[in-house]
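Chain by chain, the residues run as shown.
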Amino acid sequence: DTKGLKDYYKDYFSIGVAVNPRMLDAGAEADLILTQFNSMTAENAMKMGPIHPEENRYNWEPADKIAEFAVKNGLKLRGHTLCWHNQTPNWLFTDAEGKQVSKEVLLARLKKHIFEVVNRYKGAIYAWDVVNEAVPDGNGTEIYRKSKFYEIIGEEYIELAFRYAHEADPNAQLFYNDYNTEDKVKREKIYQLVKGLLDKGVPIHGVGLQGHWSLYEPTAQELEESITKFASLGLKVQITELDVSVYPKEHTSRERKDTDKAEFTPEMNNKQAAHYKMLFEIFRKHKDKISGVTFWNLSDRYSWLDNFPVRGRKDFPLLFDQNHQPKKAFWEVVKF
Ligand code: G3I
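None of the values given here were measured: they were computed from a predicted structure. (Residues numbered from 1 in each chain as written. Predicted model: local features only at pLDDT ≥ 70, side-chain atom pairs only at ≥ 80, totals over all residues.)

Another aspect to go through is the overall build of the protein. The helix and strand tally for the protein stands at 11 helices and nine strands. For the protein, the C-alpha radius of gyration of 19 Å lies close to 20 Å, the compact-globule estimate for 336 residues. By principal-axis analysis of the C-alpha atoms, the protein measures approximately 55 × 45 × 40 Å. Taking all 336 residues of the protein together, the buried fraction comes to 42%. (Helix = DSSP H or I, 4+ residues; strand = E, 2+ residues; numbered from the N terminus. Rg over C-alpha atoms; globule rule 2.2 N^0.38 Å. Buried ≥ 20, exposed ≤ 12 C-beta atoms within 10 Å, placed from the backbone.)

Feature annotation in UniProt assigns "active site" (unreviewed entry) to the following positions: Glu241. Here Glu241 is to be found in strand 8 (residues 236-245). Each residue touching Glu241, except ones within four places of it in the same chain, is listed here: Ala18, Gln210, Gly211, His212, Thr294 and Trp296. (UniProt positions renumbered as here; feature names shortened; annotations may be inferred. Contact = placed C-beta atoms within 7 Å.)

A few words on the site of the ligand. Every residue lining the ligand is accounted for by Glu43, Asn44, Asn86, Gln87, Asn132, Tyr179, Gln210, Glu241 and Trp304. Looking at the shell around the ligand, its residues break down into two nonpolar, five polar and two charged. (Near = placed C-beta within 6 Å. Nonpolar A, V, L, I, M, F, W, Y, C, P; charged D, E, K, R; others polar.)

The N-to-C vectors of helix 9 (residues 220-231) and helix 10 (residues 266-285) enclose an angle of 30°; their axes lie 10 Å apart at closest approach. In terms of axis orientation, helix 9 runs roughly parallel to helix 10. Viewed along their axes, helix 9 and helix 10 form a crossing whose handedness is right-handed. Between helix 9 and helix 10, the contacting residues are Ala220, Leu223 and Glu224 on the first element and Met278, Leu279 and Ile282 on the second. When its residues are assigned to classes, the contact of helix 9 with helix 10 shows five nonpolar, no polar and one charged. (Axes fitted to C-alpha atoms, helices over the stretch in contact; angles between N-to-C directions. Parallel < 35°, antiparallel > 145°, perpendicular 65-115°, else oblique. Left-handed = near helix turned anticlockwise from the far one by under 90°.)

The next thing to look at is helix 4 (residues 61-73). Taking 1.5 Å of rise per residue, the 13 residues of helix 4 would be expected to cover 18 Å, and the 18 Å separating its terminal C-alpha atoms lies within 8% of that figure. For helix 4, every residue scored as buried is listed here: Ala63, Ile66, Ala67, Phe69 and Ala70. The buried residues of helix 4 occupy an angular sector of 160° when projected down its axis, which confines them to one face. For helix 4, the exposed residues set more than 90 degrees away from the buried face come down to Glu61 and Lys72. Turning to helix 4, the residues buried within the fold contact strand 1 (14-19), strand 2 (39-42), helix 3 (48-51) and strand 3 (76-83). (Expected span 1.5 Å × (residues − 1). Arc of directions from axis to C-beta.)

By secondary structure assignment, the location of Asp178 is in strand 5 (residues 173-178). For Asp178, a count of 25 C-beta atoms within 10 Å corresponds to the buried category. Separated by 75 residues in the primary sequence, Asp178 and Lys103 place their C-alpha atoms 24 Å from one another. If we ignore the near neighbours within four places in the chain, the residues touching Asp178 are Glu133, Val135, Ile190 and Gln210.

Another aspect to go through is the packing of helix 5 (residues 103-120) against helix 7 (residues 156-168). Remark: helix 5 packs on helix 7, axes separated minimally by 9 Å, with the N-to-C direction vectors making an angle of 35°. Crossing geometry of helix 5 relative to helix 7 is assigned as right-handed. Residues Leu107, Leu110, Lys111, Ile114, Phe115, Val118 and Asn119 of helix 5 form the contact with helix 7, whose own contacting residues are Leu160, Ala161, Tyr164, Ala165 and Ala168. Partitioned by chemical class, the residues of the contact of helix 5 with helix 7 number 10 nonpolar, one polar and one charged.

Moving on to helix 8 (residues 184-199). Along its 16 residues, helix 8 runs 22 Å from first to last C-alpha, staying within 8% of the 22 Å computed at 1.5 Å per residue. Where helix 8 is buried, its residues touch helix 7, strand 5, strand 6 (206-209) and helix 9. Immediately downstream of helix 8, the backbone of Gly201 shows phi near 80°, a positive value.

All right, on to unusual backbone geometry then. Cis geometry marks the peptide bond from His80 to Thr81, where omega comes out at -5°. Tracing the backbone through its elements, the reader meets Thr81 in strand 3. Following Phe308, the chain continues to Pro309 via a peptide bond in cis, the omega torsion being -5°. Secondary-structure assignment places Pro309 in the loop between strand 9 (290-295) and helix 11 (328-333). For Gln87, which is not glycine, the phi torsion reads 50° and is therefore positive. Structurally, the position occupied by Gln87 is in the loop between strand 3 and helix 5. One non-glycine residue with positive phi stands out, namely Asn180, at about 55°. The exposure class assigned to Asn180 is buried, which follows from the 20 C-beta atoms found within 10 Å.

Core analysis: the biggest nonpolar cluster contains 81 residues, and Val19, Ile66, Trp128, Val130, Ala161 and Ala165 have the highest contact counts within it. Residue contributions to this core peak at six residues, all from helix 7. Residue contacts for Ala165: discarding those within four places in its chain leaves Leu82, Ile114, Val118, Trp128, Val130, Ala172 and Leu174. (Core = buried A, V, L, I, M, F, W, Y, C linked by C-beta atoms within 7 Å.)

As structure tokens, this is what we get:
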């Protein structure tokens, strides 16, 4: 069977994968990308810290390599991400004396950054995660995460980031992207944020549900509620960073539990297959609302979850095993 995920899903939505430049050299990883996926996202290479390490120096090479691979092979490319509180470069928030910069200076820097990066990949990148994770977790009432962007600029940094990106590339689809979007409290806050932007005429076209899930969450109902709620605003919905950790939520403290054997057990295999089956049933049911599903990493050989939240604890969150072979979950996802 030489059919890939992208072929099974050609009448539904694009199927993407988060990549690092080193995976794109000829070899097993590049082969797997090309047979299975028709969309890519840079896992790290286009974030502000990696791509713009000093005020007057950009590190284009890794991101260029990804963009060239996408264009050459006809894959779609999502841009990730223009404004995030993590992986920001040291220079961004401070002046030469090490003092915190003013609102005006930070906005000018943000605008320049967005213009430079969006411009460079115009035509290659069809959609940008403009603002990432601006809403806090927990049950507090505050809608805005207390990031440096928020502290220095105020809530309008979000709106302005979208306006700058739109000005830089009027054809790009602009997304707000976040995790824990199935949590009722956080979902409502994101909804209010996004609706507020739309009411003000801010150019925003979609909401990215990251989809860092586990064997135990979300439920089908929680997932459907998220998809339909954001789509009801007239926005596109994408699943932007999908993976299904095999560890229970209560094992996500930073301590390794005795029961975490770093072994992919038959029970995990079965549960994960059933969970992926459910997720993709819901995605297919809402194909009119969903324009893309992207996995966060290629195979269980490497996942960011191998180091999070427990450093060095192997996880097995993807559809392909450590030898790039399809897992039971893969076969459930393509059986319909
Ligand atoms: O590149 C440096 C290297 O020079 C250094 O020696 C090494 C030492 O730790 O770190 C390397 O950087 C790491 C980077 O990944 C590249 O491998 C960072 O420490 C590490 O923190 C970083 O993790 C990334 C994480 O975002 C940062 O928050 C993960 O790879 C990446 O998968 C993850 O992706 C995020 C999305 O962007 C947003 N949504 C959540 C998702 C998962 O956290």
